[in-house]
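Residue strings, one per chain:
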Amino acid sequence: MTIVDNLAGIRAEIRALEQKYGRRPGSVDLLAVSKTRPVEALRAALDAGQLAFGENYWQEAEAKLTALRHPDLRWHFIGPVQTNKTRPIAVGFDWAHSVARLKVARRLHDARPETLPPLNICVQVNVDGEASKAGIALTEVGDFIAALRPFKRLAVRGLMALPAPRSGLEAQRRPFAALRACLAGLTAQAPQLDTLSMGTSQDMEAAIAEGATIVRIGTALFGPREY
Ligand SMILES: *Cc1c(COP(=O)(O)O)cnc(C)c1O
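Residues numbered from 1 in each chain as written. Predicted model: local features only at pLDDT ≥ 70, side-chain atom pairs only at ≥ 80, totals over all residues. Heavy atoms only, no water.

(A) Local environment of the overall build of the protein. Helix and strand content of the protein: nine helices and eight strands. Taking 2.2 N^0.38 as the reference for a compact globule, 227 residues should give roughly 17 Å; the C-alpha atoms of the protein span a radius of gyration of 17 Å, in line with that estimate. With the C-alpha coordinates of the protein rotated into their principal frame, the extents come out at 45 × 40 × 35 Å. For the protein, the residues scored as buried account for 50% of the 227 residues in total. Considering only residue pairs separated by 6 or more positions, the protein has 57% of its internal contacts joining residues 24 or more positions apart. When the accessible surface of the protein is summed, it comes to about 10900 Å², and 53% of that surface belongs to carbon and sulfur atoms. Counting 29 positive and 23 negative side-chain charges, the protein places the centres of these two groups 5 Å from one another. (Helix = DSSP H or I, 4+ residues; strand = E, 2+ residues; numbered from the N terminus. Rg over C-alpha atoms; globule rule 2.2 N^0.38 Å. Buried < 20%, exposed > 50% of the residue type's maximum accessible area, 1.4 Å probe, protein only. Contact = heavy atoms within 4.5 Å. Areas by Shrake-Rupley, 256 points an atom, 1.4 Å probe, with all protein chains shown as cover. Lys, Arg positive; Asp, Glu negative; His and termini not counted. Charge placed at Lys NZ, Arg CZ, Asp CG, Glu CD.)

(B) A look at the packing of aromatic side chains. Going through the model one piece at a time under the given rule, you end up with three aromatic pairs. Ring geometry for Phe53 versus Trp75: centroids 5.8 Å apart, planes at 35 degrees, classification tilted. Placement of the pair is Phe53 in strand S2 (residues 52–55) and Trp75 in strand S3 (residues 74–77), with a sequence separation of 22 residues. A residue is classified by how much of its surface remains accessible, and Phe53, at 0% relative accessible area, is buried. Since its relative accessible area comes to 5%, Trp75 is described here as buried. Among the aromatic residues, those joined into a cluster by ring pairs are Trp58, Phe77 and Phe93. (Phe/Tyr/Trp six-rings, centres within 6.5 Å; stacked < 30°, edge-to-face > 60°.)

(C) Summary view of the site of the ligand. Neighbouring the ligand are 13 residues, the closest being Lys35, Asn56, Ser201, Thr219 and Arg225. In the environment of the ligand, an oxygen atom lies 2.6 Å from a nitrogen or oxygen atom belonging to the side chain of Lys35. Taking Ser201, its side chain carries an N or O atom lying 2.5 Å from an oxygen atom of the ligand. About the coverage of the ligand: the protein hides 91% of its 390 Å² of free accessible area. (Near = heavy atom within 4 Å. Polar contact = N/O pair within 3.5 Å; in protein donor to acceptor, adjacent residues only side chain to side chain.)

(D) Spatial organisation of helix H7 (residues 169–187). When the terminal C-alpha atoms of H7 are compared, their 27 Å separation across 19 residues agrees well with the 27 Å that a helix rising 1.5 Å per residue should span. Of the positions making up H7, those classed as buried are Ala171, Gln172, Pro175, Phe176, Leu179, Cys182, Leu183 and Leu186. In the core, the buried residues of H7 are packed alongside helix H6 (141–147), strand S6 (154–160), strand S7 (195–197) and helix H8 (204–209). (Expected span 1.5 Å × (residues − 1).)

(E) The arrangement of the environment of Asp29 in detail. Within the secondary structure, Asp29 sits in strand S1 (residues 29–33). Once residues within four sequence positions are removed from consideration, Asp29 is found in contact with Thr213, Ile214 and Val215.

(F) Broad picture of the pattern of salt bridges. According to the stated counting rule, one finds nine salt bridges in the structure shown. The partner of Glu205 in a salt bridge is Lys20, with the nearest N and O atoms 2.8 Å apart. Of the two residues, Glu205 is situated in helix H8 and Lys20 in helix H1 (residues 3–20); the sequence distance between them amounts to 185 residues. Overall, Glu205 belongs to the partly exposed group, its relative accessible area being 25%. In this structure, Arg180 and Glu210 form a salt bridge, with 3.4 Å as the shortest nitrogen-oxygen distance. Of this pair, Arg180 sits in helix H7 while Glu210 sits in the loop between H8 and strand S8 (214–217), and the two are 30 residues apart along the sequence. You can call Glu210 buried: its relative accessible area is 10%. Salt bridges sharing common partners tie together Glu55, Glu60 and Lys64. (Salt bridge = Lys/Arg side-chain N within 4 Å of Asp/Glu carboxyl O.)

Listed below in structure tokens is the structure:
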């Protein structure tokens with residue numbers, strides 16, 4: 001299978017799952033997770049109409065951002081944000097999905113150029129509550145988002161999670177349902193929160209069933225990663 005075939009298959013699957021779960025057609029966006037992939041792989045997807053790419057490491061992303069040019073191309077940072085990389089991320093990316101520390105948010109805000117629209121932000125939530133996992137606790141999301149309000153160079157769009165792998169649709173839906181309920185509890189006061197970034201190649205159906213608006217797909221699109 002080529003990247004172009006995989007892309008067409010995933011797009012068809014997303015449309016079918018929107019229908020299956022009563023989601024509005026076109027309400028789930030595909031983010032192509034391109035970490036570890038060579039620029040040729042991204043170009044193949046771009047040429048087939050894929051315009052949103054997710055990268056995890058600035059060191060690796062830099063050359064791809066330089067090599068690929070398209071007016072509608074959008075770059076999403078989805079990896080852990082190191083404080084010494086906030087400037088290039090704030091300049092080069094359109095979204096950051098993995099914001100979970102106020103210090104990181106402040107630095108992204110301060111570095112976001114006035115010439116660009118505000119940087120879109122998702123707050124990463126530790127839905128499993130495991131100490132080893134990145135993200136803030138579900139119970140602290142409201143306070144954290146309130147603390148981001150002064151940062152006018154950031155557009156807080158919603159929540160992101162990467163739950164521990166589970167097998168079976170029902171088990172996979174549980175953490176996504178928790179994230180969805182968390183967002184629903186916030187939108188009365190913050191209607192601009194319109195994004196649930198959740199679901200990978202392993203659990204895309206569960207995420208779409210629970211309201212994902214962005215699914216982050218790497219392996220199913222580009223094949224197994226080699227490190
Ligand atoms: C790598 C990665 C993905 C994609 O995972 P696949 O299983 O390859 O689809 C999604 N989200 C994050 C945060 C990732 O790091």
